[in-house]
Amino acid sequence: MTSSKQTLLVKSGDAASLPEWRSAFAELCPDLDIRWWDDPTVDPNDVVYVLVWQPQPGRIASFPNLQVIFSSAAGVDHILADPNLPRHLPIVRNASTETLQSVGEYVCLGVLALQRDLKRVLNAQRDHRWDEFQATRTAPQTRVGVMGLGNIGRLALRMLHGLGYTLAGWSLSAKSLPDITCYAGLEQLEDFLRNSDILVGLLPETPLTRGLLSASRLATLPKNAGIVSAGRGSLIVMPDLIAALDSGHLSGAVLDVFDNEPLPASDPVWDHPRIIVTGHIAGFASRHARAEYVADAIKAWRRGEPLPNIYQPARGY
Ligand code: NDP
């Protein structure tokens, strides 16, 4: 290294966000030199950490002394997409409490919207039509199945528990959680789906989760089931979901994530009468909260302690 200065390069938001990142890190980890991603005055040898969202392919490989890659988000698919990514470097997934809280809130919003048929309410308001109807079931009568029992899935389930829903979860490895019927692995997926009136997608994107919800799996859900999708859009085969909604097998969907983002204005999903679309807004976390998560991890790393919440290549997330 040419100097003892430790530089953290940021690519999250746009360059105008740099002062906010700097002020957060000045408070949390004052000895770090915080610079923007393509600042030409930065010596690549000084770059020890990067904090990124969708880094340009090849750029991370240009820092010879890089020690840790910090994802600005919970997912890492936007980093793994780089074919030249140095595979030996640890990648820390951001699990700030604000992110978990806000996705949990979104899940509750989506589940309540489906259970109370908010789309029907919005359609009636748009048409100035007084539409008196009652929900078909209450929360305790509604079985919510959450795909993904990680940081976010477990908090979302705690929040849904507070609303009185009957709860189940599905993960890769077997789990035991209070008040939750837990399913694991592909061999238990069908059982899990068969018992989910509202299915919530909170899985990372991996080769195993891509396209998991195809026509046959959607057909396994009970009639009139609904779907909240807030993990990654690749989980759902979209034409199969549309067909299941159009046939009346499924009653509605609340979708925050899409295979192709931003969802093109011409996409018919926007106007589907049974779908609520939001633009990848489930997980909000302030820059300060994300910086705090990164600063705590850097302090642990410097003390020689393990990094939190790292991506594990063998399992793909
Ligand atoms: P975690 O890594 O903490 O949890 C992932 C969960 O998914 C684990 O329970 C894991 O199982 C399970 N899982 C992974 N692969 C499979 C599989 N093939 N079959 C069954 N279960 C599987 O992630 P987070 O909870 O922090 O986040 C989940 C995802 O949510 C992120 O990867 C990101 O893509 C998305 N996200 C979306 C946001 C938004 O704004 N819409 C915001 C934040 C995150 P196991 O427990 O056995 O490891």
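Residues numbered from 1 in each chain as written. Predicted model: local features only at pLDDT ≥ 70, side-chain atom pairs only at ≥ 80, totals over all residues. Heavy atoms only, no water.

S.K.: Explanation requested: the nonpolar core in the structure shown.
M.R.: Buried together is how nonpolar side chains tend to be arranged in soluble globular proteins. Formed by 70 residues in total, the largest nonpolar core has its most connected members in Leu-8, Phe-25, Val-50 and Ile-69. The element that contributes the greatest number of residues to this core is helix α3 (residues 97-115), accounting for 8 residues. In terms of domain composition, this core takes at least three residues from each of domain 1 (6-96 + 285-302) and domain 2 (97-277). If sequence neighbours within four positions are ignored, Val-50 has contacts with Leu-9, Trp-37, Ile-60, Phe-63, Leu-66, Val-68, Ile-69 and Phe-70. (Core = buried A, V, L, I, M, F, W, Y, C linked by side-chain atoms within 4.5 Å. Buried < 20%, exposed > 50% of the residue type's maximum accessible area, 1.4 Å probe, protein only. Helix = DSSP H or I, 4+ residues; strand = E, 2+ residues; numbered from the N terminus. Domains from an automatic or database assignment. Contact = heavy atoms within 4.5 Å.)

S.K.: I tried to follow the sheet that holds strand β1 (residues 6-11) on my own but got confused; where do I start?
M.R.: The strands that make up a sheet are held in pairs by hydrogen bonds between backbone atoms, and each pair lies either parallel or antiparallel. If you walk across this open sheet you meet the 5 strands as β2-β1-β3-β4-β5, and the pairing is parallel. A strand with exactly one partner marks an edge of an open sheet, and here the two such strands are β2 (32-36) and β5 (91-92). Here 4 bridges tie strand β3 (residues 47-52) to strand β4 (residues 68-71), and the two strands are oriented parallel to one another. The residue bridging Val-50 from the neighbouring strand is Ile-69, located in β4. (Pairing = 2+ DSSP bridges.)

S.K.: What am I meant to see in the domain arrangement of the chain here?
M.R.: Interfaces are often described in size by the accessible area the parts lose on coming together. For the chain, the assigned domains read domain 1 (6-96 + 285-302) and domain 2 (97-277). Inter-centroid distance (C-alpha atoms) of domain 1 to domain 2 is 32 Å. Counting residues at the interface gives 10 residues for domain 1 and 8 residues for domain 2. A per-residue breakdown of the area domain 1 buries against domain 2 is headed by Asp-77, Ala-95 and Ser-96, which together make up 55% of the total. Connecting domain 1 to domain 2 are 1 salt bridge. Salt-bridge contacts for Asp-77 lead to Arg-232; the nearest nitrogen and oxygen are separated by 3.0 Å. (Buried area = accessible area lost by both parts, 1.4 Å probe. Salt bridge = Lys/Arg side-chain N within 4 Å of Asp/Glu carboxyl O.)

S.K.: What exactly am I supposed to notice about the site of the ligand here?
M.R.: Close contacts around the ligand come from 29 residues, with Arg-93, Ser-173, Lys-175, Gly-283 and Tyr-317 the closest. The separation between an oxygen atom of the ligand and a polar main-chain atom of Ile-152 is 2.9 Å. At 3.0 Å, a backbone N or O of Ala-230 approaches a nitrogen atom of the ligand. With the chains in place, 93% of the 940 Å² that the ligand exposes on its own is no longer accessible. Elements supplying a minimum of two residues to the shell around the ligand: α3, α5 (151-163) and β7 (166-171). Broken down by class, the residue content of the shell around the ligand amounts to 14 nonpolar, 11 polar and 4 charged. Counting contributing residues per domain, the shell around the ligand is built from domain 1 (6-96 + 285-302) and domain 2 (97-277), each supplying no fewer than three. (Near = heavy atom within 4 Å. Polar contact = N/O pair within 3.5 Å; in protein donor to acceptor, adjacent residues only side chain to side chain. Areas by Shrake-Rupley, 256 points an atom, 1.4 Å probe, with all protein chains shown as cover. Nonpolar A, V, L, I, M, F, W, Y, C, P; charged D, E, K, R; others polar.)

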